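If you want the building blocks of each chain, they are given just below.
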Amino acid sequence: MKLSLALLAAAASGAAAFAPVNTNGLRSVTELNARQPIMAGNWKMNPTTEADALNLANGFTALLNEMEDTCAMDEVEGCTEVVLFPPFPFISKVMDIVGKAGITVGAQQVYYQDKGAFTGSVAASMVKSVGCEYVLCGHSERRSLFSDSDANINAKVKKTLEFGMKPILCIGETQEEYDLDITKEVCAMQVSKDLAGVSKEEMADVVIAYEPVWAIGTGLVCDSDASNEVHKYIRTVLAKMYDDEVAQATRIQYGGSVTPESVDQLMAKSDIDGCLVGGASLFADKFARIVNFEKL
Ligand code: PEP
């Protein structure tokens, strides 16, 4: 896990690494430094050809190279970590292109078995061996379309960690659950089941993405204050499962129809540490603007 120099210095001195939340609910400079922002682009089953995927990777990399606020994996102060999740067949070639700009590549999913007669599946060792650093676990499309249960997701999170990669655990309520006003209960249940058996030390490599299912691919962005409240609540769940240190150090992304128009407001909130972006990540200019969000 990358830590900011400010966080390392604070940890070394025993000082509090995290500033209190501003009374206006906005993120302070200290907080921005404490949890490195992480922006991820989930290409899903797009683009449809290798040529188009490489065009997208090239276009995005070119735009990012013109910007100052993103950075290579080991340079951390004040920068935003960027991760792309292309379809499996494009991973290696996309990595060749974007790696030079310090962009990390991950896998959209893995199976929890190590190898064998599982036609169509991809193992954690496979994506690790081609250079993936992150794996999406529990994306709502995997839950709803491919029957990923919390038990399976938990096994995939643990397999990802076992192979030295970092899971981005996606959680969030459906429209029906939102209408029933059980968002917090759903998130608490998913966090506790999906992270069961994950140690405090391993949590340093876990990112959580709060993605209200009703906001994914619909154009409906969750209100930034409402989303921030859920993020804060998720930290209370982590504090109970682990401790305050884990609760404050874990990066929690928001996902659901994020656009260049909505990103600044979301990223201004105290407990939103980045975004998981689907549709807009398929447009180099839109995703570059999202990655280069304005710090309000
Ligand atoms: C996603 O795929 O995780 C997602 C948030 O998609 P979109 O940005 O298109 O809503």
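Conventions used here
Just so you know, the residues in each chain are numbered from 1, in the order the chain's sequence is written. For this predicted model, a pLDDT threshold of at least 70 governs which residues receive local features, and a threshold of 80 or more governs which side-chain atom pairs are given and counted, while totals over whole chains, interfaces and linings are taken from all residues. Runs of E in the DSSP output that reach at least two residues are strands. Runs of H or I that reach at least four are helices, and both are numbered from the N terminus. It is the C-beta atoms, placed from the backbone, that decide contacts: two residues are in contact if theirs lie within 7 Å. Lines fitted to C-alpha atoms define the axes, with helix axes restricted to the stretch in contact, and inter-axis angles between N-to-C directions lie between 0 and 180 degrees. By definition in this entry, angles of less than 35 degrees are roughly parallel, angles greater than 145 are roughly antiparallel, angles of 65 to 115 are roughly perpendicular, and the rest are oblique. Throughout, a crossing is termed right-handed when the near helix is turned clockwise from the far one, and left-handed when it is turned anticlockwise from it by less than a right angle. Polar here means any residue outside two lists: the nonpolar Ala, Val, Leu, Ile, Met, Phe, Trp, Tyr, Cys and Pro, and the charged Asp, Glu, Lys and Arg; Gly therefore counts as polar. Whether a residue is buried, exposed or partly exposed follows from its count of other C-beta atoms within 10 Å of its own C-beta, namely 20 or more, 12 or fewer, or something in between, respectively; the C-beta atoms are built from the backbone. Should DSSP find at least two bridges between two strands, the strands are regarded as paired. Place the viewer so that the strands point away; then a crossover is right-handed whenever the path from the first strand over the helix to the second strand goes clockwise. Put simply, a nonpolar core is buried Ala, Val, Leu, Ile, Met, Phe, Trp, Tyr and Cys residues tied into one set by C-beta atoms within 7 Å. Think of it this way: take the backbone, place a C-beta atom on it, and check whether that atom is within 6 Å of the molecule or strand, in which case the residue is near it.

### Here's the deal with the environment of Cys 132
(1) Moving on: Within the secondary structure layout, Cys 132 lies in the loop between α5 (124-129) and β4 (134-137).
(2) Moving on: Linking Cys 132 and Met 165, residues 33 residues apart in sequence, is a C-alpha distance of 7.4 Å.
(3) Moving on: Cys 132 has contacts with Ile 91, Val 105, Gly 106, Ala 107, Val 127 and Met 165, leaving out every residue within four places of it along the chain.

### Side note on unusual backbone geometry
(1) Moving on: The linkage connecting Asn 46 with the following residue, Pro 47, adopts the cis geometry, with an omega of -20°.
(2) Moving on: Its identity as a non-glycine residue notwithstanding, Ser 147 has a phi of 55°, on the positive side.
(3) Moving on: The backbone of Ser 257 shows a phi angle near 60°, a positive value even though the residue is not glycine.
(4) Moving on: Following the sequence through the fold, Ser 257 ends up in the loop between β7 (251-255) and α12 (260-267).

### Here's the deal with the packing of helix α3 (residues 50-65) against helix α4 (residues 91-98)
(1) Moving on: Relative orientation of the contacting elements α3 and α4 amounts to 20°, with a least axis distance of 9 Å. Accordingly, the angle class assigned to the pair α3 and α4 is roughly parallel. Here the hand of the crossing between α3 and α4 comes out right-handed. Two secondary-structure elements touch here, α3 through Glu 50, Ala 53, Leu 54, Ala 57, Asn 58 and Thr 61 and α4 through Lys 93, Val 94, Ile 97 and Val 98.
(2) Moving on: Looking at the contact of α3 with α4, its residues break down into six nonpolar, two polar and two charged.

### Side note on the pairing of strand β3 (residues 104-107)
(1) Moving on: Of the two faces of β3, the one holding Thr 104 and Gly 106 and the one holding Val 105 and Ala 107 are both buried throughout.
(2) Moving on: In terms of strand pairing, β3 meets β4 through two bridges, oriented parallel. Residue pairing for β4: Gly 106 is matched across the bridge by Tyr 134.
(3) Moving on: Taking the sense of rotation as the criterion, the β-α-β connection linking β3, α5 and β4 turns out right-handed.

### Observations regarding the nonpolar core
(1) Moving on: Membership of the largest hydrophobic core comes to 71 residues, with the highest contact counts inside it found for Val 94, Ile 168, Leu 169 and Ile 290.
(2) Moving on: Ignoring any residue separated from it by four or fewer positions in sequence, one finds Val 94 in contact with Ala 53, Leu 54, Ala 57, Leu 84, Pro 86 and Val 105.

### Some thoughts on the site of the ligand
(1) Moving on: The local shell around the ligand holds 14 residues, among which Ile 216, Gly 255, Ser 257, Gly 278 and Gly 279 are the closest.
(2) Moving on: Residues belonging to the shell around the ligand are distributed by class as follows: five nonpolar, seven polar and two charged.

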